[in-house]
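If you want the building blocks of each chain, they are given just below.
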Amino acid sequence: MASTLELLEEHRIFGGWQQRWRHHSAVLNCPMTFSIFLPPPQDDAPPPVVWFLAGLTCTDENFTTKAGAQRVAAELGLVLIMPDTSPRGDEVANDSGYDLGQGAGFYLNATQQPWAAHYRMFDYLSQELPALVADNFNLSERQSVMGHSMGGHGALVLALRLGGRFASASAFAPIVNPTEVPWGQKAFAAYLGDDRQAWREWDSCLLMGEVEQRLPILIDQGDSDQFLADQLRPERLETVAREQGFPLTLRIQPGYDHSYFFIASFVEDHLRFHAKHLLV
């Protein structure tokens, strides 16, 4: 049965509409929310889409309210879709740590209990939610994906695994090599078990060496990010991209940290980067 959408809120902004919706997810086996920005129509053509995946502890509302992205998206005629970061609810497994459980889905398909019953964010974002929005909104099939931190990891994994789905990908301070850093190792051990071979398909540095599709990628990283040295290590992906012939641009931004102040400072660059590849 097709999922029905319930409108939770709607706001006029920069000539477009910012909406928040709830629906039941069959894939995640729980209610889910997502936010969407619909720009003012520019012509009769369905507008292209940029997905934004948020980081640890976040929901669909962080980017919506903090990034200041709607002004540029309205100018460029881009739809923005902000999913939640994990399944939610009293029936959904959780953990006391901020970096595991609800708010920390890591955009993968869990295979271990108690997580496997709900934590299938990759299937949700690659299949169920795109089909749902396509059925309910007039959108172009031309789409790009971006994200922050854990969501940067998710955006890169989706782009690399779904060859041809996205015109471009970008990230702010992404976790690019989760199999080799503490955040990823904790999450992967819980969600995927101890077999490190099963971890490989969720690691951008490893995936980039195996895929055929060469899509353009932009990464911004602040050099005052407190997680840079032990969790993020974007230079590792830059090295793989160079070896594999990927058109990846890594920009190190002096003085910027891991916060939404950083994202707000460079989100216009990212949206214009995506527009260049979507509006062709």
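Since the model is a prediction, treat every value here as computed from it, not as a measurement.

### Observations regarding the sheet that holds strand β8 (residues 217-222)
Sheet strands associate in pairs through backbone hydrogen bonding, adopting either a parallel or an antiparallel arrangement.
Move 1: Read across the open sheet, the 9 strands follow the order β1-β2-β3-β5-β4-β6-β7-β8-β9; overall the sheet is mixed. What marks the edges here is a single partner per strand, and that holds for β1 (6-13) and β9 (248-253). Shown here is a sheet whose adjacent strand axes are inclined to one another by a mean of 15°, direction ignored.
Move 2: Sheet analysis places strand β6 (residues 143-148) next to strand β7 (residues 166-172), joined by 5 bridges and oriented parallel. Bridge assignment links Gln 143 to a residue of β7, and that residue is Phe 166.

### Thoughts on the side chain of Ser 25
Move 1: For Ser 25, the position within the fold is in strand β2 (residues 16-25).
Move 2: Look at Ser 25 and you get buried, because its relative accessible area is 0%.
Move 3: A polar contact is formed between the side chain of Ser 25 and the side chain of Glu 128, at a distance of 2.6 Å.

### Points about the pattern of salt bridges
Opposite charge on two side chains permits them to pair, given that their charged atoms come into close proximity.
Move 1: Throughout the structure, instances matching the rule amount to 16 salt bridges.
Move 2: Two residues, Arg 22 and Glu 6, come together in a salt bridge whose shortest N-O distance is 3.2 Å. Placement of the pair is Arg 22 in strand β2 and Glu 6 in strand β1, with a sequence separation of 16 residues.
Move 3: The class for Arg 22 is partly exposed, based on a relative accessible area of 33%.
Move 4: For Glu 201, the salt bridge identified is with Arg 161, shortest N-O distance 3.4 Å. A residue pair is termed long-range when its members are at least 10 positions apart, and Glu 201 in the loop between α5 (182-192) and α6 (204-207) and Arg 161 in helix α4 (residues 150-161) qualify at 40 residues.
Move 5: Beyond isolated ion pairs, a larger network of salt bridges with shared partners links Arg 71, Glu 75, Glu 268 and Arg 272.

Reading guide: rules and limits
Residues numbered from 1 in each chain as written. Predicted model: local features only at pLDDT ≥ 70, side-chain atom pairs only at ≥ 80, totals over all residues. Heavy atoms only, no water. Pairing = 2+ DSSP bridges. Helix = DSSP H or I, 4+ residues; strand = E, 2+ residues; numbered from the N terminus. Axes fitted to C-alpha atoms, helices over the stretch in contact; angles between N-to-C directions. Buried < 20%, exposed > 50% of the residue type's maximum accessible area, 1.4 Å probe, protein only. Polar contact = N/O pair within 3.5 Å; in protein donor to acceptor, adjacent residues only side chain to side chain. Salt bridge = Lys/Arg side-chain N within 4 Å of Asp/Glu carboxyl O.

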